Amino acid sequence: MEANLLQQYSRNLHGIDYVVGDVHGNFSKLSRALDAIKFDLTVDRLFSVGDLVDRGPESDHALDWLKQSWFHAVRGNHEQMAIEFARGQLPINHYTSNGGAWNVANPQHVRAELADAFDALPIAIEVETGNGLVGIVHAECPLHRWQDMHDALTGPNGEAFRDAMLWSRDRVTHENRDTVEGVRAIVVGHTPLVRYSSLGNTIYIDTGGWIPRENRQFTILDLATLMPAFQPTVALWDEA
């Protein structure tokens, strides 16, 4: 199943659009966070920065969430690992060391179903809001202009760009505060923080709600305001 690598969503005229950080198999905890912000399944939409699976106890719920009309995710590096493992492209020890033991235990037809569903996820999403266009990718955007995204993903160097969007931490490592032009903000996960933070117009929202220590919580941003609807309170970088 071939993904639409860049998916576009028009402005939500009837409800609120939110985006959540990495879930990593903690869907019950995410449901409680949605209850806390009074998420309305009939009109609101929830976008995800990817990494729905691995490490948490409910990774097998990911397919059910992806079937919901109000839930939309980009592909994360953990979805990519599930794809590669199902197709014999990833060593089992590497996969299990990154939280994939739950899927290793699945029969092959389930691994294939997961791989097909994850392969259908886009690498990037853009959402129109009342305050401008917002982009969503898993790790970071390596481009200077968001409008170059489609050509970058589908061009001769597309695989390298896709890998960067799934895996790279260059912006964080070098504290790169350059603005990506043509978009109000880009929301990403991948790099665990204790509080959501930003570099330029890139906003990091993986606040480790999946980490079973220190009462960590998910961050959920309102895409129109780019303000947290649900967030932790401590502002420190965490270990990657």
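In this text, all values refer to a predicted model and were calculated from it rather than measured experimentally.

K.L.:
Help me get a handle on the overall build of the chain, residues and values and all.
P.N.:
Of regular secondary structure, the chain possesses nine helices and eleven strands. For 240 residues, the compact-globule estimate of 2.2 N^0.38 gives 18 Å, and the chain sits close to it at 17 Å. With the C-alpha coordinates of the chain rotated into their principal frame, the extents come out at 45 × 45 × 35 Å. Of all 240 residues assigned to the chain, the portion counted as buried reaches 55%. Considering only residue pairs separated by 6 or more positions, the chain has 69% of its internal contacts joining residues 24 or more positions apart. Counting every atom, the chain has about 10,800 Å² of accessible surface; 48% of that belongs to carbon and sulfur. Side-chain charges in the chain split into 19 positive and 32 negative, and the spacing between the mean points of these groups amounts to 4 Å.

K.L.:
I'd like a description of the sheet that holds strand S7 (residues 185-188), backed by residues and values.
P.N.:
If you trace the six strands from one edge of the open sheet to the other, you get S1-S5-S6-S7-S9-S8, paired in mixed fashion. The open sheet terminates on both sides in strands that have one partner only, identified here as strand S1 (6-9) and strand S8 (197-199). The average angle at which neighbouring strand axes cross in this sheet is 25 degrees, direction not considered. Bridge analysis of S8 against strand S9 (residues 202-204) gives three bridges, and the strand direction is antiparallel. Its bridge partner lying in S9, Leu199 is registered against Thr202.

K.L.:
Tell me about the pattern of salt bridges, residues and numbers included.
P.N.:
Following the criterion strictly, the structure yields five salt bridges and no others. Note that Arg87 and Asp119 form a salt bridge whose closest N and O atoms lie 3.4 Å from each other. Of the two residues, Arg87 is situated in the loop between helix H3 (77-86) and helix H4 (92-97) and Asp119 in helix H6 (residues 108-119); the sequence distance between them amounts to 32 residues. Linked through salt bridges whose partners overlap, the residues forming this network are Arg75, Arg87, Asp116 and Asp119.

K.L.:
I'd love a proper account of the packing of H3 against H6, names of residues and values included.
P.N.:
One can describe the packing of H3 onto H6 by two numbers: an axis separation of 8 Å at closest approach and a directional angle of 135 degrees. The angle between H3 and H6 places the two elements in the oblique class. The way H3 lies across H6 gives a crossing that is left-handed. In contact with Glu79, Ala82, Ile83, Phe85 and Ala86 of H3, H6 contributes Gln108, Arg111, Ala112, Ala115, Phe118 and Asp119. By residue class, the composition of the contact of H3 with H6 is seven nonpolar, one polar and three charged.

K.L.:
A description of the sheet that holds strand S11 (residues 227-230) should follow, citing residues and the corresponding values.
P.N.:
Strand order across the open sheet formed by five strands is S4-S3-S2-S10-S11, with mixed pairing between neighbours. The strands lining the two open edges of the sheet, one partner per strand, are strand S4 (71-73) and S11. Sheet twist, expressed as the mean angle between neighbouring strand axes with direction ignored, is 30 degrees. Docked against the sheet, helix H1 (residues 27-36) engages strand S2 (17-20), strand S3 (45-48), strand S10 (220-222) and S11, running at close to 35 degrees with respect to S10.

K.L.:
Outline the nonpolar core, listing residues and values.
P.N.:
Leu30, Leu34, Leu46, Leu52, Trp65, Phe118 and Ile220 are the most contacted members of the largest nonpolar core, which has 33 residues in total. Put simply, the parts of the chain that give this core at least two residues each are S2, H1, helix H2 (62-66), S4, H3, helix H5 (101-104) and H6. Counting residues per element, this core draws most heavily on H3, at five residues. Beyond its immediate stretch of four places on either side in the chain, Leu30 contacts Val20, Val23, Leu46, Trp65, Phe218 and Ile220. One finds Leu6, Cys141, Leu153 and Val172 within the second-largest nonpolar core, a separate group that totals 22 residues.

Calculation notes
Residues numbered from 1 in each chain as written. Predicted model: local features only at pLDDT ≥ 70, side-chain atom pairs only at ≥ 80, totals over all residues. Heavy atoms only, no water. Helix = DSSP H or I, 4+ residues; strand = E, 2+ residues; numbered from the N terminus. Rg over C-alpha atoms; globule rule 2.2 N^0.38 Å. Buried < 20%, exposed > 50% of the residue type's maximum accessible area, 1.4 Å probe, protein only. Contact = heavy atoms within 4.5 Å. Areas by Shrake-Rupley, 256 points an atom, 1.4 Å probe, with all protein chains shown as cover. Lys, Arg positive; Asp, Glu negative; His and termini not counted. Charge placed at Lys NZ, Arg CZ, Asp CG, Glu CD. Pairing = 2+ DSSP bridges. Axes fitted to C-alpha atoms, helices over the stretch in contact; angles between N-to-C directions. Salt bridge = Lys/Arg side-chain N within 4 Å of Asp/Glu carboxyl O. Parallel < 35°, antiparallel > 145°, perpendicular 65-115°, else oblique. Left-handed = near helix turned anticlockwise from the far one by under 90°. Nonpolar A, V, L, I, M, F, W, Y, C, P; charged D, E, K, R; others polar. Core = buried A, V, L, I, M, F, W, Y, C linked by side-chain atoms within 4.5 Å.

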